[in-house]
Amino acid sequence: MKRSRSFPDVLAGGIFVLIGGAFAAGSLGYELGTPLRLGPGAFPLLAGLIVAALGLAIVIKGLVAGELIEFGPIPWRAVAAIAAALVFFGLTVRGLGFVPASAVTVLLATLASTRVRPLMAVAVTAGLTAAATVIFVVGLRLRIPLIGPWLGM
């Protein structure tokens, strides 16, 4: 009986284990609290352990019951568009403000797909920007101005 191993599963699972372990280790610098009064380090510790455990399960699945998968060509346009969107948001959110930075970020991210038409990209941009504003600025009270100083407001 020949067993195949899935390198992508092992690699992805290993990345999850590293990220989860880093979050869990980082959370130990905060107070964990008690089971009835959880401290600020309890949630990152729990989330990190869950991510690490899921990563370990993916590694085991990749080693035991992997399947051979052939990859096609790398979609460089999508990789570049998503990376550019993330970098743009990180560099401009404080200067432009949350709403314009989010809108341009979503618009850049929609360029990752060749099937998205301009009208659909604008609709997705408006919807996701509104949803992100409601969730992060209104709901979670993130302290970032809606319109930043670069726009003179």
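Residues numbered from 1 in each chain as written. Predicted model: local features only at pLDDT ≥ 70, side-chain atom pairs only at ≥ 80, totals over all residues. Heavy atoms only, no water.

K.L.:
Go over the overall build of the protein with me, naming the residues and quoting the values.
P.N.:
Helices and strands together make up the secondary structure of the protein, namely five helices and zero strands. Listed by position from the N terminus, the elements making up the protein come as α-α-α-α-α. In terms of C-alpha radius of gyration, the protein reaches 21 Å, well past the compact-globule figure of 15 Å for 153 residues. Residues classed as buried in the protein amount to 25% of the 153 residues present. Taking the intrachain contacts of the protein between residues at least 6 apart in sequence as the baseline, contacts between residues at least 24 apart amount to 67%. Entry remark: accessible area of the protein is about 11,000 Å², with carbon and sulfur atoms responsible for 75%. (Helix = DSSP H or I, 4+ residues; strand = E, 2+ residues; numbered from the N terminus. Rg over C-alpha atoms; globule rule 2.2 N^0.38 Å. Buried < 20%, exposed > 50% of the residue type's maximum accessible area, 1.4 Å probe, protein only. Contact = heavy atoms within 4.5 Å. Areas by Shrake-Rupley, 256 points an atom, 1.4 Å probe, with all protein chains shown as cover.)

K.L.:
Report on the nonpolar core, specifying residues and quantitative values.
P.N.:
With six residues, the main nonpolar core is built from V93, F98, A101, A132, V137 and I144. Among the elements of the structure, α4 (98–110) and α5 (118–139) are those that each provide at least two residues to this core. Residue contacts for A101: discarding those within four places in its chain leaves F88, F89, T92, V93 and L96. (Core = buried A, V, L, I, M, F, W, Y, C linked by side-chain atoms within 4.5 Å.)

K.L.:
I'd like a description of the packing of helix α1 (residues 7–27) against helix α2 (residues 42–64), backed by residues and values.
P.N.:
Remark: α1 packs on α2, axes separated minimally by 7 Å, with the N-to-C direction vectors making an angle of 160°. Between α1 and α2, the crossing angle belongs to the class labelled roughly antiparallel. You can see that α1 and α2 cross each other, and the crossing is left-handed. Taken together, the residues of the contact of α1 with α2 sort by class into 14 nonpolar, eight polar and two charged. (Axes fitted to C-alpha atoms, helices over the stretch in contact; angles between N-to-C directions. Parallel < 35°, antiparallel > 145°, perpendicular 65-115°, else oblique. Left-handed = near helix turned anticlockwise from the far one by under 90°. Nonpolar A, V, L, I, M, F, W, Y, C, P; charged D, E, K, R; others polar.)

K.L.:
For helix α3 (residues 76–96), give the residues involved together with the corresponding values.
P.N.:
In this model α3 runs 28 Å from its N-terminal to its C-terminal C-alpha over 21 residues, within 8% of the 30 Å that 1.5 Å per residue would give. Helix geometry: α3 is bent most strongly at G90, by close to 35°. When we look at burial in α3, the residues that qualify are A81, A85, T92, V93, G95 and L96. Along its buried surface, α3 packs onto α4. One or two residues past the end of α3 sits G97, with phi positive at roughly 100°. (Expected span 1.5 Å × (residues − 1). Bend = angle between axes of the 7 residues up to and from the residue.)

K.L.:
Could you give an account of the side chain of T105, naming the residues involved and the relevant values?
P.N.:
Looking at the secondary structure, you find T105 in helix α4. Given a relative accessible area of 13%, T105 falls into the buried group. Those residues in contact with T105 that sit more than four places away from it in its chain are A85, F88 and F89.

K.L.:
Before we move on, can you summarise α1 with the specific residues and values?
P.N.:
Here α1 spans 30 Å end to end across 21 residues, near enough to the 30 Å set by a 1.5 Å rise per residue. Among all positions in α1, only D9, G13, G20, A24 and S27 are buried. Along the axis of α1, the buried residues cluster in a sector spanning 55°; they form a single face. Of the exposed residues in α1, the ones pointing more than 90 degrees away from its buried face are F7 and L18. Tucked into the core, α1 has its buried residues touching α2. (Arc of directions from axis to C-beta.)

K.L.:
Give me the pattern of salt bridges: which residues, what numbers.
P.N.:
A side chain of one charge can pair with a side chain of the opposite charge if their charged atoms are brought near each other. All chains considered together, the criterion is met by one salt bridge. Residue K61 pairs with D9 through a salt bridge whose shortest N-O separation is 2.9 Å. Pair noted here: K61 is in helix α2 and D9 is in helix α1, with a separation of 52 residues, a long-range link. Judged by its relative accessible area of 40%, K61 is partly exposed. (Salt bridge = Lys/Arg side-chain N within 4 Å of Asp/Glu carboxyl O.)

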